[in-house]
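Take a look at the letters that make up each chain.
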Amino acid sequence: KGEKSMTKADIVENIYEKVGLSKEESSRIVELVLELMKETLVTGERIKISGFGNFVVRKKRARRGRNPQTGDEIEISARRVLTFKSSPILKKVLNEQ
């Protein structure tokens, strides 16, 4: 409750203010970086950003589960999930606050 979130628009605004590019150029860069990341992850390739962390797509097998509302047994289909593991440097910075 009350947690603040940084949005894509906030990232664009920060680039605009700190780098001096126009808002249009800043927005284009953010869009291109996110699209490149998405395309890379879709292929199953990991993204490693030094000093920040790793984004990894993991495959989960199909498995039996239960519907929490009814208790009925259900089949949970195989799927891919995205995980993020922060680097030791980022972990240290987060815990210095």
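Scroll up to find the structure.
Rules used throughout
Residues numbered from 1 in each chain as written. Predicted model: local features only at pLDDT ≥ 70, side-chain atom pairs only at ≥ 80, totals over all residues. Heavy atoms only, no water. Pairing = 2+ DSSP bridges. Helix = DSSP H or I, 4+ residues; strand = E, 2+ residues; numbered from the N terminus. Axes fitted to C-alpha atoms, helices over the stretch in contact; angles between N-to-C directions. Parallel < 35°, antiparallel > 145°, perpendicular 65-115°, else oblique. Left-handed = near helix turned anticlockwise from the far one by under 90°. Contact = heavy atoms within 4.5 Å. Patch = residues over 30% accessible without salt bridge, like charges linked within 9 Å, V, L, I, M, F, W, Y side chains within 5 Å. Areas by Shrake-Rupley, 256 points an atom, 1.4 Å probe, with all protein chains shown as cover. Salt bridge = Lys/Arg side-chain N within 4 Å of Asp/Glu carboxyl O. Lys, Arg positive; Asp, Glu negative; His and termini not counted. Charge placed at Lys NZ, Arg CZ, Asp CG, Glu CD. Expected span 1.5 Å × (residues − 1). Buried < 20%, exposed > 50% of the residue type's maximum accessible area, 1.4 Å probe, protein only. Phe/Tyr/Trp six-rings, centres within 6.5 Å; stacked < 30°, edge-to-face > 60°. Lys NZ or Arg CZ within 6 Å of the ring centre and 35° of its normal.

Peer 1: Can you walk me through the sheet that holds strand β1 (residues 47–49) in this structure?
Peer 2: Two strands in a sheet stick together by hydrogen bonds in their backbones, pointing the same way (parallel) or opposite ways (antiparallel). One open sheet accounts for 3 strands, arranged β1-β2-β5; its pairing is antiparallel. Of all strands in the sheet, those bounded by a partner on one side alone are β1 and β5 (79–86). Taking each pair of neighbouring strands and ignoring which way they run, the sheet shows an average axis angle of 20 degrees. Two elements, strand β2 (residues 53–60) and β5, share 8 bridges in a ladder whose sense is antiparallel. Bridging from a neighbouring strand, Val56 pairs with Thr83 of β5.

Peer 1: Looking at this structure, I do not really get the packing of helix α1 (residues 8–19) against helix α2 (residues 23–42). What am I missing?
Peer 2: Geometrically, a packed helix pair is captured by the angle between its two axes and the distance between the axes. In the contact formed by α1 and α2, the axes pass within 8 Å of each other and the chain directions differ by 125 degrees. By the angle between their directions, the pair α1 and α2 is classed as oblique. With respect to the hand of their crossing, α1 and α2 are arranged in right-handed fashion. Counting all contacts with α1, which are made through Lys8, Ile11, Val12, Glu13, Ile15 and Tyr16, the residues of α2 involved are Lys23, Ser26, Ser27, Val30, Glu31 and Leu34.

Peer 1: Mind showing me how you'd approach the side chain of Ser26 here?
Peer 2: For Ser26, the location among the structural elements is in helix α2. Excluding its chain neighbours within four sequence positions, the residues that come into contact with Ser26 are Val12, Ile15, Tyr16 and Leu21.

Peer 1: In this structure, what is going on with a positive patch on the surface? I would like to understand it.
Peer 2: Judged by side-chain charge, Arg46, Lys48, Arg58, Lys85 and Lys91 come together as a positively charged surface patch. For Arg58, the location among the structural elements is in strand β2.

Peer 1: What is the right way to look at α1 in this model?
Peer 2: Residues spaced three or four apart along an α-helix face the same direction, because each turn holds 3.6 residues. With 12 residues, α1 extends 16 Å between its outermost C-alpha atoms, agreeing within 8% with the 16 Å of an ideal straight helix rising 1.5 Å per residue. One or two steps after α1, the chain reaches Gly20, where phi turns positive at roughly 90 degrees.

Peer 1: What am I meant to see in the environment of Arg58 here?
Peer 2: Owing to a relative accessible area of 47%, Arg58 belongs among the partly exposed residues under this scheme. Ignoring anything within four residues of it in the chain, the contact list for Arg58 reads Arg79, Arg80, Val81 and Thr83.

Peer 1: Sorry if this is basic, but what is going on with a nonpolar patch on the surface here?
Peer 2: Where nonpolar side chains cluster on the molecular surface, the patch consists of Ile49, Phe52 and Phe84 and spans about 250 Å² of accessible area. Mapped onto the fold, Phe84 is located in strand β5.

Peer 1: I'm lost on the packing of aromatic side chains in this one. Help?
Peer 2: The geometry of an aromatic ring pair is captured by two quantities: the separation of the ring centres and the angle between the planes. Under the counting rule described, the total for this entry stands at 2 aromatic pairs. Ring plane angle 50 degrees and centroid distance 5.5 Å describe the contact between Phe52 and Phe84, whose orientation is recorded as tilted. Here Phe84 lies in strand β5 and Phe52 lies in the loop between β1 and β2, a separation of 32 residues in the sequence. With a relative accessible area of 37%, Phe84 lands in the partly exposed category. Where Phe55 meets Phe84, the ring centres are 4.8 Å apart and the plane angle is 45 degrees; that geometry is what we call tilted. On the criterion of sequence distance, the pair formed by Phe55 in strand β2 and Phe84 in strand β5 is long-range, its members being 29 residues apart. A cation over a ring is seen here: Lys23 above Tyr16, with NZ or CZ 5.1 Å from the ring centre.

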